Amino acid sequence: MIGLLAGLALGAGAVWAGFDNLDRITAIAGPIGGLWLDALKMTIIPLVVALLITGIARTADSARGGGLALKSVALFVGLLWLSTAIAAVLIPSLLALWPMPQDAAQALRAALGQQHIEVGAPPGFADFLGSIVPTNPIAAAAADAMLPLILFTTLFAIAITRLPAAQREPLTGFFAAIADAMLVMVGWVLWLAPIGVFALALVVGIQAGTSAIGALLHYIVIVSCAGLVAWALAYPMAVFGGRLRLGAFVRAVAPAQAVALSTQSSLASLPPMLKSCETLGVPASVASVSLPIAVAIFRVTSPAMNLAVAIYVAHWFGMSLDPATIATGAVVAAVTTMGSVSLPGQVSFLTSVTPIAVAMGVPLEPLALLVAVEMIPDLVRTVGNVTMDVAATSAIARHADVADESPAPAP
């Protein structure tokens, strides 16, 4: 964030002061920022594949845990697709009602060296089906063809879950190790984030001026709206699904929300979530099964907000997205969320959004700037996820046959 603000301020200040050699500064800073972005992008394909395989493996393992676990997984998957579908309709509607100012959009496009992009007519149904089945998965990965690659990876992961444990566990361990190694590399690159973001922001500040700040604020509001809607779904889920009083639910979940705000981690919020469920009268035998599964595979705001980022960038660059393109992005968003990691959004932002952007044909360069302000939308993400985890667990408890589950521990 400091690198972003400093770059924008110095760039705009240099133009205002009439400094010479601004072209030379841009020629130096631009490649530095580009190298940093390329370093992040090089980890995307192996990380997405590894996380998707391990995420589906975790989901399958959870579903094997009995009827309660299977009900939890089914509800969580349904809510992920619901929030994604809502965002696919909500975000284009919000941008139609309140678009980014045209002068800011044009200045930012010029700063990033991009022009207006038109998306061609959607292919016919037969052509679309033919395009999503990869004849060569390696070639699909090399060409950044995300939807065919994700389809192959999903089917491959499901096939792994059908193997005997002696064969399945080494494979999932192998891909888990790849994911962990890629996350270490991402961590190294993110140590350089202040330099990379500063360089990109300096170029934007020189060529777009202060309009960039207003555009970033506009982005934060629009993308956060997708998360707020997903967050808001938790309250009717608790009231109608869990048969809880609204006031009681709000009071009980508040401590978990406070921890989510301070840590930006659903995993760190698990203990207060268990306490919230206890306060609401959810049997410990249900909460101790459903909440760990939720922390592992269920982040209700993620697909909605990740899709919102891609749609926003398309709007930024003047792309006219047809329903088929948005639907493609929604499918990729919902599927890849299963492999997301329970880490602050700045770590997983690019790995989560890039597959959606690539599948929709959206430019990736703006993501390097947007990651600098991800801290603010990530607060909405984490609090929304934690709130829905507790609400969904209360609904599962309401409809679960608790007698068939393990008894609650003694107080």
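Higher on the page you've got the structure.
The structure contained in this document is the topic of the report that follows. Note that this is a predicted model, so its numbers are computed, not measured.

1. Quick word on the overall build of the protein chain
At step 1: Within the protein chain one finds 20 helices and 0 strands.
At step 2: Split into buried and exposed, the 411 residues of the protein chain put 52% on the buried side.
At step 3: For the protein chain, contacts bridging at least 24 residues in sequence account for 86% of all contacts bridging at least 6.
At step 4: When the accessible surface of the protein chain is split by element, carbon and sulfur atoms take 70% of a total near 17500 Å².

2. Observations concerning the environment of I86
At step 1: In this fold, I86 is placed in helix 4 (residues 67–97).
At step 2: A sequence separation of 143 residues divides I86 from V229, and the C-alpha atoms of the two residues are 8.2 Å apart.
At step 3: Beyond its immediate stretch of four places on either side in the chain, I86 contacts V229 and L233.

3. Description of the nonpolar core
At step 1: Ranked by internal contacts, the top residues of the largest apolar core, which has 82 residues, are L4, W36, Y219, V309, F349, L367 and L370.
At step 2: With 11 residues, the single largest contributor to this core is helix 16 (residues 301–316).
At step 3: If we skip the residues at most four places from it in the chain, L370 touches L216, Y219, V309, V313, W316 and F349.
At step 4: L79, A256, M273 and I297 belong to the second largest nonpolar core, which has 39 residues in total.

4. Here's the deal with the pattern of salt bridges
Oppositely charged side chains are able to pair whenever their charged atoms sit close together.
At step 1: For the structure on display, the rule yields 2 salt bridges.
At step 2: K275 serves as the salt-bridge partner of E278, at 3.9 Å between the closest nitrogen and oxygen. Placement of the pair is E278 and K275 together in helix 14 (residues 270–279), with a separation of 3 residues, close to one helical turn.

5. Quick look at unusual backbone geometry
The phi torsion of most residues other than glycine is negative, and most of the peptide bonds are trans.
At step 1: Not every positive phi belongs to a glycine, and R243 is a case in point at roughly 55 degrees.
At step 2: Assignment of secondary structure puts R243 in the loop between helix 12 (234–241) and helix 13 (246–263).

6. With respect to helix 17 (residues 323–336)
At step 1: Helix length check: helix 17, at 14 residues, gives a terminal C-alpha distance of 20 Å against a target of 20 Å (1.5 Å per residue), a fit within 8%.
At step 2: Between the side-chain oxygen of the N-cap and the backbone nitrogen of A324 there are 3.0 Å, and the N-cap of helix 17 in question is D322.

7. Looking at the side chain of T26
At step 1: Within the element layout of this structure, T26 appears in helix 2 (residues 22–41).
At step 2: We classify T26 as buried; its relative accessible area is 16%.
At step 3: Not counting residues within four places of it along the chain, the set of residues in contact with T26 comprises P31, V203, I206 and Q207.

8. Focus: the side chain of N385
At step 1: Within the fold, N385 resides in helix 20 (residues 375–399).
At step 2: Ignoring anything within four residues of it in the chain, the contact list for N385 reads S266, R299, V300, T301 and S302.

9. Considering the packing of helix 8 (residues 146–161) against helix 9 (residues 165–191)
At step 1: The N-to-C vectors of helix 8 and helix 9 enclose an angle of 140 degrees; their axes lie 9 Å apart at closest approach. On the basis of the axis angle, helix 8 is oblique to helix 9. Listed contacts from helix 9 to F156, I160 and T161 of helix 8 are R168, L171, T172 and F175.

Reading guide: rules and limits
Sequence order as written defines residue numbering, which begins from 1 separately in each chain. The model is predicted, so local features are restricted to residues of pLDDT at least 70 and side-chain atom pairs to those at 80 or more, both for listing and for counting; the totals for chains, interfaces and linings are taken over all residues. Derived side-chain values reflect all non-hydrogen atoms in the structure, with water molecules and hydrogen atoms excluded from consideration. Helix and strand assignments come from DSSP, with helices taken as H or I runs of at least 4 residues and strands as E runs of at least 2, each series counted from the N terminus. We call a residue buried when its accessible area falls under 20% of the maximum for its residue type, exposed when it is over 50%, and partly exposed in between, using a 1.4 Å probe and counting protein chains only. Any pair of residues with heavy atoms lying within 4.5 Å of one another is described as a contacting pair. Methods summary: accessible areas were calculated by the Shrake-Rupley approach with a probe of 1.4 Å, and residue burial reflects only the protein chains presented. The term nonpolar core refers to a set of buried residues drawn from Ala, Val, Leu, Ile, Met, Phe, Trp, Tyr and Cys, joined through side-chain atoms within 4.5 Å. By definition, a salt bridge exists where a carboxyl oxygen of Asp or Glu is found within 4 Å of a side-chain nitrogen of Lys or Arg. To estimate the expected span of a helix, count its residues, drop one, and scale the result by 1.5 Å. We call two N or O atoms a polar contact when they sit within 3.5 Å, provided that within protein one can donate a hydrogen and the other can accept it, with sequence-adjacent residues counted only if both atoms are side-chain atoms. For helices, the fitted line uses only the C-alpha atoms of the stretch in contact; every axis is such a line through C-alpha atoms, and the angle between N-to-C directions lies from 0 to 180 degrees. In these notes the angle categories are as follows: under 35 degrees is roughly parallel, over 145 is roughly antiparallel, 65 to 115 is roughly perpendicular, and the rest is oblique.

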